[in-house]
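Below are the chains, spelled out letter by letter.
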Amino acid sequence: AAGLKPGALPALEILNFAGNYFGARGIASLCDVFGRGVAPRLKGLLFPLMPIGDEGAAAVAAALTTGDLPRKLALCLNLCDVGDEGARAIADALPHAGQGCQVNLALNRFGIASQLALLEALEAKRHAALLRSGSFRSKSRYTIAR
């Protein structure tokens, strides 16, 4: 995959790696390849049931931070053994991801504090989008308890 040139996979929209064992280095390599525009229509990178742990989640977070992945990419990291460190890395990367980016982290092992960090990052991203669009009218109707 490293030799693929930008635009090499023009019709690819969803790639599902469910249940594979690439590990964190494999995930980082995949994110690097798709961050170079190999699949310009890519909408979904799905990694469910892959035991990538915190190191793999950090690799995904690093790819999100570059801003090189497609802006409306859906990433699925369900059942990937992501803990607190990985969840916080994703939360820290969310401000740099494309506005339409979706990250699914269901059924992992991170705790409440990491869930709160993810929620706060998502809420900040939503408010920033509303401010940019001019649609922001009032404060959010809910708050996140601390």
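Residues numbered from 1 in each chain as written. Predicted model: local features only at pLDDT ≥ 70, side-chain atom pairs only at ≥ 80, totals over all residues. Heavy atoms only, no water.

Enquirer: Explain the pattern of salt bridges to me, please; I cannot follow it from the model alone.
Expert: Tallied over the entire structure, the rule returns four salt bridges. One salt bridge connects Arg41 with Glu13, and the closest N-O pair in it is separated by 2.5 Å. Of this pair, Arg41 sits in the loop between helix H1 (23-35) and strand S2 (44-46) while Glu13 is found in the segment before strand S1 (14-16), placing the two residues 28 residues apart along the sequence. Taking relative accessible area as the criterion, Arg41 reaches 46% and is therefore assigned partly exposed. In this structure, the salt-bridge partner of Arg109 is Asp54, at a minimum N-O distance of 3.9 Å. Of the two residues, Arg109 is situated in the loop between strand S4 (102-104) and helix H4 (112-133) and Asp54 in helix H2 (residues 53-66); the sequence distance between them amounts to 55 residues. Taken together, the salt bridges that share partners define one network made up of Glu13, Arg41 and Lys43. (Salt bridge = Lys/Arg side-chain N within 4 Å of Asp/Glu carboxyl O. Helix = DSSP H or I, 4+ residues; strand = E, 2+ residues; numbered from the N terminus. Buried < 20%, exposed > 50% of the residue type's maximum accessible area, 1.4 Å probe, protein only.)

Enquirer: Would you mind showing me how to read the sheet that holds S1 here?
Expert: Paired through their backbone hydrogen bonds, the strands of a sheet run either parallel or antiparallel. Taking strand neighbours across the sheet as the criterion, the four strands line up as S1-S2-S3-S4 in an open arrangement whose pairing is parallel. At either margin of the open sheet sits one strand with a lone partner, and together these are S1 and S4. Ignoring strand direction, the axes of neighbouring strands in this sheet form an average angle of 5°. Direction of pairing for strand S3 (residues 74-76) relative to S4: parallel, over a ladder of three bridges. Looking at the pairing, Ala74 lines up with Gln102 of S4. (Pairing = 2+ DSSP bridges. Axes fitted to C-alpha atoms, helices over the stretch in contact; angles between N-to-C directions.)

Enquirer: How should H1 be read in this particular structure?
Expert: Because each turn of an α-helix spans 3.6 residues, side chains separated by three or four positions in sequence point in the same direction. Spanning 13 residues, H1 covers 18 Å between terminal C-alpha atoms, matching the ideal 18 Å at 1.5 Å per step. Close packing links the buried residues of H1 with S1, S2 and H2. Just downstream of H1 lies Gly37, where phi reads positive at about 80°. (Expected span 1.5 Å × (residues − 1). Contact = heavy atoms within 4.5 Å.)

Enquirer: Explain the packing of aromatic side chains here, please?
Expert: Aromatic ring pairs: the centre-centre distance and the angle between the two ring planes describe each pair. Within this structure, the stated rule accounts for two aromatic pairs. Ring centres of Phe17 and Phe22 lie 5.3 Å apart, and the angle between their planes is 70°; on these two criteria the pair is classed as edge-to-face. The buried category is assigned to Phe17, whose relative accessible area is 12%. On the accessibility criterion, Phe22 (36% relative accessible area) is partly exposed. Pairing Phe17 with Phe47 gives two aromatic rings, centres 5.7 Å apart and planes at 20°, and the pair type is stacked. Here Phe47 lies in the loop between S2 and H2 and Phe17 lies in the loop between S1 and H1, a separation of 30 residues in the sequence. Each of the two residues, Phe17 as well as Phe47, counts as buried. (Phe/Tyr/Trp six-rings, centres within 6.5 Å; stacked < 30°, edge-to-face > 60°.)

Enquirer: How should I be thinking about the environment of Glu55 in this particular structure?
Expert: Mapped onto the elements of the fold, Glu55 is located in helix H2. When the C-alpha positions of Glu55 and Arg25 are compared, they lie 8.5 Å apart, and in sequence the two are 30 residues distant.

Enquirer: What exactly am I supposed to notice about the packing of H1 against H2 here?
Expert: When two helices pack together, their arrangement is captured by the angle between the axes and the distance separating the axes. Across the interface, H1 lies against H2 with an axial gap of 8 Å and an inter-helix angle of 15°. One finds that H1 runs roughly parallel with respect to H2. The hand of the H1/H2 crossing is right-handed. The segment H1 lies against H2, with Ala24, Ile27, Ala28 and Cys31 engaging Glu55, Gly56, Ala59, Val60 and Ala63. (Parallel < 35°, antiparallel > 145°, perpendicular 65-115°, else oblique. Left-handed = near helix turned anticlockwise from the far one by under 90°.)

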